[in-house]
Amino acid sequence: MPEDKGFEQLKDIFKAKKPTKKPPAYEWQDLALRIIKELGIPNFKRNAVFKVCKENPKSYIERCLNETKELCRTGAKWKYFFKLISQK
């Protein structure tokens with residue numbers, strides 16, 4: 001059994017390393033991560049989301065995302081999203 005060392009010092013608690021999450025470097029990366037989360041994009045299609053977000057204007061991507069959420073109530077929403085993106 002581990003030894004009981006008593007109470008920890010407050011300064012030791014604040015010294016402990018906390019894992020930090022690195023923020024996206026570009027706005028399109030943040031948009032891509034939001035799309036991945038909202039539409040449940042599978043891992044094998046993540047890179048494609050980043051690519052379309054980088055190559056297309058944000059307004060176009062958001063319009064396709066909104067249309068996907070409105071029109072595709074059931075099924076794989078991510079497939080419908082890519083269908084809309086490709087119709088440019």
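Remember, predicted model here, so these are calculated numbers, not experimental data.

Enquirer: Report on helix H4 (residues 58-71), specifying residues and quantitative values.
Expert: For the α-helix, the turn length of 3.6 residues means that residues three or four positions removed from each other point alike. Its 14 residues place the ends of H4 20 Å apart at the C-alpha level, agreeing with the 20 Å of an ideal helix rising 1.5 Å per residue. For H4, the secondary structure elements touched by its buried residues are helix H2 (27-39), helix H3 (46-55) and helix H5 (77-86).

Enquirer: Could you give an account of the confidence of the model for the chain, with specific residues and numbers?
Expert: As a general rule, the predicted coordinates of low-pLDDT regions are not to be interpreted in detail. Summary statistics for the chain give a mean pLDDT of 86 and a share of 85% for residues scoring 70 or more. H3 holds the highest mean pLDDT among the elements of the chain, 96, whereas helix H1 (residues 10-15) holds the lowest, 71.

Enquirer: Any chance you could break down the packing of H2 against H4 for me, citing the residues and the numbers?
Expert: The description of two packed helices rests on the angle between their axes and on the distance between the axes. Close contact between H2 and H4 brings their axes to 11 Å; oriented N to C, the two are set at 5 degrees. Comparing the axis directions of H2 and H4 gives the class roughly parallel. Seen from H2, the contacting residues are Glu27, Leu31, Arg34, Ile35, Glu38 and Leu39; seen from H4, they are Lys58, Ile61, Glu62, Leu65, Thr68 and Lys69. Split into classes, the residues belonging to the contact of H2 with H4 amount to five nonpolar, one polar and six charged.

Definitions and cut-offs
- Residues numbered from 1 in each chain as written.
- Predicted model: local features only at pLDDT ≥ 70, side-chain atom pairs only at ≥ 80, totals over all residues.
- Heavy atoms only, no water.
- Helix = DSSP H or I, 4+ residues; strand = E, 2+ residues; numbered from the N terminus.
- Expected span 1.5 Å × (residues − 1).
- Contact = heavy atoms within 4.5 Å.
- pLDDT = per-residue confidence, 0-100.
- Axes fitted to C-alpha atoms, helices over the stretch in contact; angles between N-to-C directions.
- Parallel < 35°, antiparallel > 145°, perpendicular 65-115°, else oblique.
- Nonpolar A, V, L, I, M, F, W, Y, C, P; charged D, E, K, R; others polar.

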